[in-house]
Amino acid sequence: GTISTTAASVTTSATKDTPTTAAPSGTTTTPKPLAVIKGSIGMKVSNPAEFVKDPAVKEAIGDSIAKLAGISKDLVSVTLRVVSRRLTMQSRRLAEGSVEASYTITIPEEAPAPIGGAATGAATVSVDVAAIQKTLEATSAADLSGRVATEMTAKG
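Residues numbered from 1 in each chain as written. Predicted model: local features only at pLDDT ≥ 70, side-chain atom pairs only at ≥ 80, totals over all residues. Heavy atoms only, no water.

Participant: Outline the overall build of the chain, listing residues and values.
Facilitator: For the chain, the helix and strand inventory stands at 4 helices and 5 strands. Overall, the chain shows an N-to-C arrangement of helices and strands of β-β-β-α-α-β-β-α-α. A separation threshold of at least 6 residues defines the contact pool for the chain, and within that pool the share at least 24 residues apart is 69%. In the form shown here, the chain has an accessible surface area of approximately 9,100 Å², with 53% of it arising from carbon and sulfur atoms. (Helix = DSSP H or I, 4+ residues; strand = E, 2+ residues; numbered from the N terminus. Contact = heavy atoms within 4.5 Å. Areas by Shrake-Rupley, 256 points an atom, 1.4 Å probe, with all protein chains shown as cover.)

Participant: Tell me about helix α4 (residues 141-155), and name the residues and values.
Facilitator: An α-helical turn contains 3.6 residues, so any two residues separated by three or four positions project in the same direction. Compared with the 21 Å implied by 1.5 Å per residue over 15 residues, the 21 Å span of α4 between its first and last C-alpha is a close match. Here α4 has its buried residues at A141, L144, S145, V148, E151 and M152. Along the axis of α4, the buried positions cluster into a sector of 120°, meaning they face one direction only. What points out from α4, more than 90 degrees from its buried face, is the exposed set T150, T153 and A154. (Expected span 1.5 Å × (residues − 1). Buried < 20%, exposed > 50% of the residue type's maximum accessible area, 1.4 Å probe, protein only. Arc of directions from axis to C-beta.)

Participant: So what's going on with the nonpolar core? Residues and values would help.
Facilitator: One finds I61, I65, I71, V76, I105, I132 and L136 to be the most contacted residues of the largest nonpolar core, which totals 30 residues. If you list the elements that add at least two residues to this core, you get β3 (33-45), α2 (55-69), β4 (76-85), β5 (97-108), α3 (129-138) and α4. Of all the elements, α2 adds the most residues to this core, at 7 residues. (Core = buried A, V, L, I, M, F, W, Y, C linked by side-chain atoms within 4.5 Å.)

Participant: How would you summarise the side chain of D63 if you had to cite specific residues and measurements?
Facilitator: Note on placement: D63 falls in helix α2. Those residues in contact with D63 that sit more than four places away from it in its chain are K73, E151 and K155.

Participant: Tell me about the confidence of the model for the chain, and please be specific about residues and values.
Facilitator: Where the model shows low pLDDT, its predicted coordinates should not be examined in detail. Taken residue by residue, the chain gives an average pLDDT of 73. The fraction at 70 or more is 60%. Here strand β1 (residues 3-4) stands out as the least confident element of the chain, with mean pLDDT 46; α2 is the most confident, with 93. Contacts for the low-pLDDT stretch residues 1-9, under 50 throughout, to residues beyond four places or in other chains number 25 contacts. (pLDDT = per-residue confidence, 0-100.)

Participant: Requested: an account of the environment of E100, with residues and values cited.
Facilitator: Mapped onto the elements, E100 comes out in strand β5. By relative accessible area, which is 22% here, E100 ends up partly exposed. Separated by 60 residues in the primary sequence, E100 and S40 place their C-alpha atoms 6.6 Å from one another. With residues up to four places along the chain from it excluded, the contact list for E100 reads S40, I41, T79, L80, R81 and V83. Among the polar contacts made by the side chain of E100, one reaches the side chain of S102 at a distance of 3.3 Å. (Polar contact = N/O pair within 3.5 Å; in protein donor to acceptor, adjacent residues only side chain to side chain.)

Participant: Account for the pairing of β5, with residues named and values stated.
Facilitator: By the alternation rule, side chains of β5 split into G97, V99, A101, Y103, I105 and I107, which are all buried, and S98, E100, S102, T104, T106 and P108, of which none is buried. Looking at chain direction, β3 and β5 are connected through 12 bridges and run antiparallel. Looking across to β5, one finds that K38 is bridged to T104. (Pairing = 2+ DSSP bridges.)

Participant: Tell me what's going on with the pattern of salt bridges, and back it up with residues and numbers.
Facilitator: Opposite charge on two side chains permits them to pair, given that their charged atoms come into close proximity. What the rule picks out here adds up to 4 salt bridges. Between E151 and K67 there is a salt bridge, and its shortest N-O distance comes to 2.5 Å. Here E151, found in helix α4, pairs with K67, found in helix α2; they are 84 residues apart in sequence, far enough to count as distant. Given a relative accessible area of 11%, E151 falls into the buried group. E100 serves as the salt-bridge partner of R81, at 3.1 Å between the closest nitrogen and oxygen. In this pair, R81 sits in strand β4 while E100 sits in strand β5, placing the two residues 19 residues apart along the sequence. According to the relative accessible area criterion, R81 is partly exposed, its value standing at 45%. (Salt bridge = Lys/Arg side-chain N within 4 Å of Asp/Glu carboxyl O.)

Here is the structure:
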């Protein structure tokens, strides 16, 4: 499907987890993430139902967000949902509608280098969560939609 942009905006929120004390010996714990950044973007597409089913779309959106944030695409998860669909009398297309792409960036405490910061140890980096969030918030819906379209074209 084709992507055209609405007046939608990119929104983000971030949370940082505080370090926890070590678990008692003999137990295993899953490392808590250093930060989680969540956001969403609205897009107007020609066929929302097919658009949200296409795995290449999710991948292209995730890749675009990762490139913008300067992080590994493995840290980005994307969920798509149809927001609205409307009939247009002039074109008689009932497929046009809006899609919301919600994304979550989970940055682990020990992120593999390089991820957008200077190395602080052998295999970890300092990640500037505020800078990532600011970059994503400063990105217009039109810019992100264009990047997604470019990613999808590049993947065939």
